[in-house]
Amino acid sequence: MPIEFASSRRSTVGLEWELMLADPASGDLVGRAPELLRDLEHASADERHTVTGELLTNTIEVTSGVGATVADAVGDIAAAIAAVRAATDPAGIELLSAGSHPFAQWYDQQVTDKTRYHSLIEKTQWWGRNMMIWGIHVHVGVEDRDKVLPIVGALTAYLPHLQALAASSPFWAGERTGYASNRALVFQQLPTAGLPWPLADWAAYESYLDDMVRTGVMTDATEVRWDIRPAPRWGTIEVRACDGMSTLRELAAVAALTQVLVESFSRDLDEGRALPTLSPWFHRENKWRAARYGLDAEVIVAPDGTQRSVRAHLAEELERLAPVAADLQCSPQFRGVADILDGGASYERQVSVADATGGDLHEVVGHLIREFRSGPETL
C-alpha cells in the first residue's frame, strides 16, 4: 500500500489542544460544544487557527497553523482560545485542560453526532465510552520521508520524559488513582493505540498499513493511534502521548522540547550518525513508570539498562540541546521545561490542592480553571 508523505518544511511546528467545557458553579463537564461550534468554526475559516469538535460534546479542540517557530504556533493557539472565550464567557461556560476531569463520570457524557465517532464507540464498547481523556498533539515537519521512521524510533526513548512533563490525570471519576497520568494507560486500550511498532523504514510502515487494512483492523492511516506516529497528510511526525496541558506556557515548553529533539535527530542523520534505540520491552516499562511516577520515575535510558530519574536526565538533556533550541528560535519556550522541573507538573499541583482541601476534587477543578486562565504561579 503506497502511502504518500506530504512535502513539509523541516522542523516546522503545529499544535492541537483539547479543552474541557465546565459549569462554573459545579465544576462538572457540560456537553455544550455543539451550540458553540457552528459560529466558532465559521469564524475561524479565514484564520490560521481552527476550532473544532471532538469525540465528546464536552470538548472543543483548538489547532494552530503551520508555525515556522514554536512561538508562531503558540500564538495561533492563543488567538484560538481568545475566540473560544468570546463565546464561552457570555454563555456561562468555563474552560480547563488536563488529561482527565477529576470527578466527572463517563455515563453522563454525550458522544458527538458524527458517523466516525459512533462507529468507534460501537467497535470499542465500554473502553470507548470511558474515553474521558484530553490531550495535546505536537506535529514537527520532516523534509525527507526516509527520516521519519528512524526519528520515530529514537524519539520513543523520550516518550516517558514528554509524558511525565505533561502528566495531569492523577484523578479519575472521583478517585485518586496513584498515577501521574492515568490517561496514558486508558488511551492505549483503543485498537491501534499505544507505543509505535519498531519499523525500520517507510516500506515497513507501508507493509504494516497494508496488513491492517487487508485484515479489517483499520481503513486508513488516520486510524493509527500510536503515541508517536507519522502523519503522512501533513508531512510531520506527530507526538500524541501527552496529557492535556493545564497552561499555555507548559504547552509551549513541551512543544519546544519535541521540536528540538526531532531537529537534533535529523541533524544526526544528516551527519551519518546512527540514532539511539532501546529494546521494545524497555519502552513499555518506561511508559508505565512515567504514567505511575511522573517526573519522579526512574527510566531506562541506554541499551545496557542504565537508569536515570526523569528529572535528572531531562536536566542534562536540556543543557546538551540548548544550542539546537537557539538555532530554532525557541529558547524562551525551551527554558519552560526547566520551570516545570523546578515548579512541578500539573499532576503534582492537583494532588497538592486535594491534600490541602481534604480531598475536595471540586477545589481541584477550580484550581485547573484558574490555571488555564492565568497560568501556574510557579511558572
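Below is a summary of the structure that appears in this document. Fair warning: this is a prediction, and the values are worked out from it, not measured in the lab. (Residues numbered from 1 in each chain as written. Predicted model: local features only at pLDDT ≥ 70, side-chain atom pairs only at ≥ 80, totals over all residues. Heavy atoms only, no water.)

**A closer look at helix H12 (residues 346–356)**
Defined as follows: Each residue is assigned to one of three classes by its accessible area relative to the maximum for its type, calculated with a 1.4 Å probe on protein chains only: buried under 20%, partly exposed between the two thresholds, exposed over 50%. The numbering of helices and of strands both runs from the N terminus, where a helix is a DSSP run of H or I of at least 4 residues and a strand a run of E of at least 2. Directions from the helix axis toward the C-beta atoms define the arc. Any pair of residues with heavy atoms lying within 4.5 Å of one another is described as a contacting pair.
Taken together, the buried positions of H12 are occupied by Ser346, Tyr347, Arg349, Gln350, Val353 and Ala354. The buried side chains of H12 occupy one side of the element, clustering within an arc of 165° when seen end-on. Opposite the packed face of H12, turned more than 90 degrees from it, sit the exposed residues Asp355 and Ala356. Among the structural elements, helix H5 (159–166), strand S6 (171–172), strand S7 (175–176), helix H8 (248–270), helix H9 (280–293) and helix H13 (361–374) are those in contact with the buried residues of H12. Following H12 by one or two positions, Gly358 has its phi on the positive side, about 70°.

**As for the nonpolar core**
For the record, the criterion: Put simply, a nonpolar core is a bunch of buried Ala, Val, Leu, Ile, Met, Phe, Trp, Tyr and Cys residues held in one set by side-chain atoms that sit within 4.5 Å of each other.
Grouped together as the largest cluster of nonpolar side chains are 92 residues, with contacts concentrated most on Trp17 and Tyr205. Broken down by element, this core gets its largest block of residues, 11 residues, from H8. Those residues within four positions of Tyr205 in sequence are excluded, and the remaining contacts are Ile3, Leu149, Leu199, Ala221, Val224, Trp226, Pro230 and Pro232. Grouped together as the second largest cluster of nonpolar side chains are 29 residues, Leu120, Ile121, Val364 and Ile369 included.

**Quick word on the packing of aromatic side chains**
What counts is decided by this rule: Planes of paired rings set the category: under 30 degrees apart is stacked, over 60 is edge-to-face and the rest tilted, where pairs are Phe, Tyr or Trp rings (Trp by its six-membered ring) whose centres lie within 6.5 Å. Whether a charge sits over a ring comes down to the Lys NZ or Arg CZ being within 6 Å of the ring centre and within 35 degrees of the ring normal.
A complete count under the given rule lists 10 aromatic pairs for this structure. Between Tyr205 and Trp226, the ring centres sit 6.2 Å apart and the planes meet at 70°, which makes this aromatic pair edge-to-face. Here Tyr205, found in helix H7 (residues 202–214), pairs with Trp226, found in strand S9 (residues 225–226); they are 21 residues apart in sequence, far enough to count as distant. Residue classification places Tyr205 among the buried positions, given a relative accessible area of 0%. Of the aromatic side chains, those joined through ring pairs into one cluster are Phe5, Trp202, Tyr205, Tyr208 and Trp226. The side chain of Arg183 reaches across the aromatic face of Phe187, ending 5.5 Å from its centre.

**What about the side chain of Thr258?**
By the secondary structure assignment, Thr258 is in helix H8. Its relative accessible area of 1% is what places Thr258 among the buried residues. Setting aside residues no more than four positions away along its own chain, Thr258 makes contact with Val138, Val140, Leu162 and Val239.

**A look at the side chain of Gln109**
The cut-off we apply is this: For the purposes of these results, a polar contact is taken to be a pair of N or O atoms within 3.5 Å, where, inside protein, one atom must be able to donate a hydrogen and its partner to accept one; residues adjacent in sequence count only when each atom of the pair is a side-chain atom.
If you trace the backbone, Gln109 turns up in the loop between strand S4 (94–96) and helix H3 (115–129). There is a polar contact of 2.8 Å between the side chain of Gln109 and the side chain of Asn58. From its side chain, Gln109 meets the backbone oxygen of Gln105 in a polar contact 2.9 Å long. Not counting residues up to four positions away in its chain, the partners in contact with Gln109 are Leu29, Leu56, Asn58, Ala104 and Met132.

**Focus on the pairing of strand S1 (residues 13–22)**
One face of the sheet, then the other: side chains in a regular strand alternate in exactly this way. Stated precisely, the cut-off is as follows: Strands qualify as paired when DSSP identifies two bridges or more between them.
Burial analysis of S1 places 10 of its 10 residues in the buried class, the great majority of the element. Alternating positions in S1 separate into two faces, Val13, Leu15, Trp17, Leu19 and Leu21 on one and Gly14, Glu16, Glu18, Met20 and Ala22 on the other, with burial throughout. Relative to strand S5 (residues 136–141), S1 is paired through 5 bridges, and the arrangement is antiparallel. Counted as the bridge partner of Trp17 is Ile136 from S5. Two elements, S1 and strand S3 (residues 59–63), share 5 bridges in a ladder whose sense is antiparallel. Looking across to S3, one finds that Glu16 is bridged to Thr63.

**Focus: the pairing of strand S10 (residues 228–231)**
The side-chain alternation of S10 yields two buried faces, one formed by Ile228 and Pro230 and the other by Arg229 and Ala231. Summarising the sheet, S10 and strand S11 (residues 236–239) pair through 4 bridges and their orientation is antiparallel. Note on S11: the bridge partner recorded for Arg229 is Glu238. Linking S10 back to S11 in an antiparallel pair, the connection comprises 4 residues, with Gly235 at a positive phi of about 70°.

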